[in-house]
There are 2 protein chains.
Amino acid sequence: MPRLSRINHVAIVVDDVDSALSLWRDALGLPLQKRERNDGEAVEIAFMPIGESEIELIAPTTADSGVAKYLAKRGMGMHHVCLEVDDIGAMMEQLRSKGIELINDVPKINEHGTKYCFIHPKSAFGVMIELYEVPRP
Amino acid sequence: MPRLSRINHVAIVVDDVDSALSLWRDALGLPLQKRERNDGEAVEIAFMPIGESEIELIAPTTADSGVAKYLAKRGMGMHHVCLEVDDIGAMMEQLRSKGIELINDVPKINEHGTKYCFIHPKSAFGVMIELYEVPRP
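As the structure is a computational prediction, the values presented were derived from the model and not from experiment.

Asks: Is there a simple way to explain the interface of chain B and chain A in this structure?
Replies: Where the parts come together, the accessible area they lose is often given as the size of the interface. Across the contact, 42 residues belong to chain B and 42 residues belong to chain A. Summed over both sides, the interface between chain B and chain A buries roughly 3300 Å², with carbon and sulfur atoms accounting for 77% of that surface. Of all residues in chain B, Leu28(B), Met78(B) and Phe125(B) bury the most surface against chain A, accounting for 23% of the area lost on that side. Summed over the shared surface of chain B and chain A, the number is 5 residue pairs in polar contact (both at pLDDT 80 or more). Put simply, the parts of the chain that give the side of chain B that touches chain A at least two residues each are strand E1 (4-13), helix H1 (17-24), strand E4 (53-60), strand E5 (77-85), helix H3 (88-97) and strand E8 (129-133) of chain B.

Asks: What's the story with the relation of the copies chain B and chain A in this structure? I'm lost.
Replies: Applying a rotation about an axis and a shift along it to one chain copy brings it onto the other copy. Rotating chain B by 180° about the axis while translating it 0.0 Å along that axis superimposes it on chain A, leaving an RMSD of 0.0 Å. Classification of the inter-copy transformation places it as that of a two-fold axis. An overlap of 100% is found between the interface residues of chain B and their copies at the interface of chain A, pointing to a shared contact surface.

Asks: Whenever I open this one, unusual backbone geometry confuses me. Can you help?
Replies: A negative phi holds for most residues other than glycine; trans holds for most peptide bonds. The backbone of Ala42(B) shows a phi angle near 55°, a positive value even though the residue is not glycine. Position of Ala42(B) relative to the elements: it lies in the loop between strand E2 (34-38) and strand E3 (43-50).

Rules used throughout
- Along each chain, the written sequence defines residue order, and numbers are assigned to residues from 1.
- Going through the entries in the order they are written, you letter the chains from A and number the ligands from 1.
- Local features in this predicted model are restricted to residues whose pLDDT is 70 or higher, and side-chain atom pairs enter the listing and the counts only when it is 80 or higher, whereas totals over whole chains, interfaces and linings include all residues.
- Based on all heavy atoms of the structure, the side-chain values leave hydrogens and waters out of the count.
- Contacts between residues were defined by any pair of non-hydrogen atoms, one from each residue, lying within 4.5 Å.
- We define buried area as the total accessible area lost by two parts upon association, computed with a 1.4 Å probe and summed across both.
- Here a polar contact is recorded for every N or O atom pair within 3.5 Å, except that within protein the pair must consist of a potential hydrogen donor and a potential acceptor, and residues adjacent in sequence are included only if both atoms are side-chain atoms.
- Note on conventions: DSSP H or I runs of at least 4 residues are helices, E runs of at least 2 residues are strands, and numbering of each starts at the N terminus.
- The copies were overlaid by least squares, fitting only the C-alpha atoms of residues that reach a pLDDT of 70 or more in each copy.

Just distances and angles here, no functional claims.
Quick look at the structure:
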């Protein structure tokens, strides 16, 4: 049975990373571990570790990106929660067997080797849930 | 300097706890640690531990509760993220000194002795942030 082990991150959509850092880094005191642009998704992301998890601040870098459209429609706020799982393939199979709709049929893999997928919010009571299988060290 | 140590919980508003458990417990496999009614807030809450954090599912128990109104206006989804801090009084003072608006002026205390407060979403880029100072064992 696949097992969830922790919240990997909570992703927050903001219109500008620098402005949002005035709260998250300067007022709340979270460390800014790294900041990177993802030109494929047309976003800038700030990664802020907290315990075994991270807060991720995500801002669009173009006016027509998916995140820019989300922002225009929904405004700033929490975008998704990412849960770490030990076997993403087994979890996806288990979810499908219960009738849960996934956004991607097979896991995607990011540049760090992490396998990931999203559960459709309409199968998740309005929440965008990401699943991560992080490669073992 | 007050320090944030972890995500205590992510709270999700749903219209019915039993329905939402079909995803969170039955499909994703998170344990249901406890389930309680809070008649003061007119909500039912399911607590599901994951790593050092929890997922909390919150459903209104009356049609005119604050959560029922939130649900009618915004729909189901993530409601707030709760961050644990070692000294909530010092953190509230630090936030005020940076011009961050808090919903309560002094910490409230729940039945477990946890001190808590909320940062106003308009000072937090659209996110409802709760702060917890949990009593030391």
